[in-house]
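# Examining the three-dimensional arrangement
Listed here are the chains, written in short residue letters.
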Amino acid sequence: MARSVLIVDDNNLVRRWLRSWLEQHGEWAVCGEAEDGRMAVERVQQLHPDIVVLDLQMPVLNGLEAARVISQVSPKTVMVMFTVHRSEQLVKEARASGITDVVSKCEMLGEHLLLALRQACA
């Protein structure tokens, strides 16, 4: 059975690319999208996704702030951060916020993200 994914990024092109890419793999079903952190929290409460792919820099609530709230309202929801700003310090902050892994948008996107999603759900 496919795992449901919520895509959260303020860039519409990134959201569409992620949706298209994930839907090519039968193990993932995109259940929704959000363009900012507050909307992400609302969508998690409405849709109950298995996993959330979060951008770091977004309006209203950034990815770390949204992750902290999501961890409280839906502690079983797995989160992976997908950002251009990957650093060891960010990885530490992300894990402290409830995020399982941080994947760089600048690296080979597809395979790194796919591996991170699989590991996060394992």
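First things first, this report covers the structure right here in the doc.

Conventions we followed
- Residues numbered from 1 in each chain as written.
- Predicted model: local features only at pLDDT ≥ 70, side-chain atom pairs only at ≥ 80, totals over all residues.
- Heavy atoms only, no water.
- Phe/Tyr/Trp six-rings, centres within 6.5 Å; stacked < 30°, edge-to-face > 60°.
- Helix = DSSP H or I, 4+ residues; strand = E, 2+ residues; numbered from the N terminus.
- Buried < 20%, exposed > 50% of the residue type's maximum accessible area, 1.4 Å probe, protein only.
- Expected span 1.5 Å × (residues − 1).
- Arc of directions from axis to C-beta.
- Polar contact = N/O pair within 3.5 Å; in protein donor to acceptor, adjacent residues only side chain to side chain.
- Pairing = 2+ DSSP bridges.
- Right-handed = clockwise from strand over helix to strand, strands pointing away.

It is worth spelling out the packing of aromatic side chains at this point. Tallied over the entire structure, the rule returns 2 aromatic pairs. Ring centres of W17 and W21 lie 6.0 Å apart, and the angle between their planes is 15 degrees; on these two criteria the pair is classed as stacked. Taken together, the positions of W17 and W21, both in helix α1 (residues 12-23) and 4 residues apart, correspond to about one turn of that helix. Judged by its relative accessible area of 11%, W21 falls in the buried class. Taking the centre distance of 6.5 Å and the plane angle of 10 degrees together, the rings of W17 and F82 count as stacked. A residue pair is termed long-range when its members are at least 10 positions apart, and W17 in helix α1 and F82 in strand β4 (residues 78-83) qualify at 65 residues. The class for W17 is partly exposed, based on a relative accessible area of 33%.

What follows deals with α1. Compared with an ideal rise of 1.5 Å per residue, which puts 12 residues at 16 Å, α1 spans 16 Å between its outermost C-alpha atoms and is within 8% of the ideal. For α1, the full list of buried residues reads V14, R15, L18, W21 and L22. One side of α1 holds all its buried residues, which, seen down the axis, span an arc of 135 degrees. The residue sitting at the N-terminus of α1 and contributing the capping side-chain oxygen is N11; that oxygen lies 2.8 Å from the backbone nitrogen of L13.

What follows concerns the pairing of strand β5 (residues 101-104). Burial along β5 is two-sided: the face carrying D101 and V103 and the face carrying V102 and S104 are both buried. Bridge count for β4 against β5 is 4 bridges, and the pairing is parallel. What sits directly across from T83, in β5, is S104. Once you follow β4 into helix α4 (residues 88-96) and on to β5, the crossover reads as right-handed.

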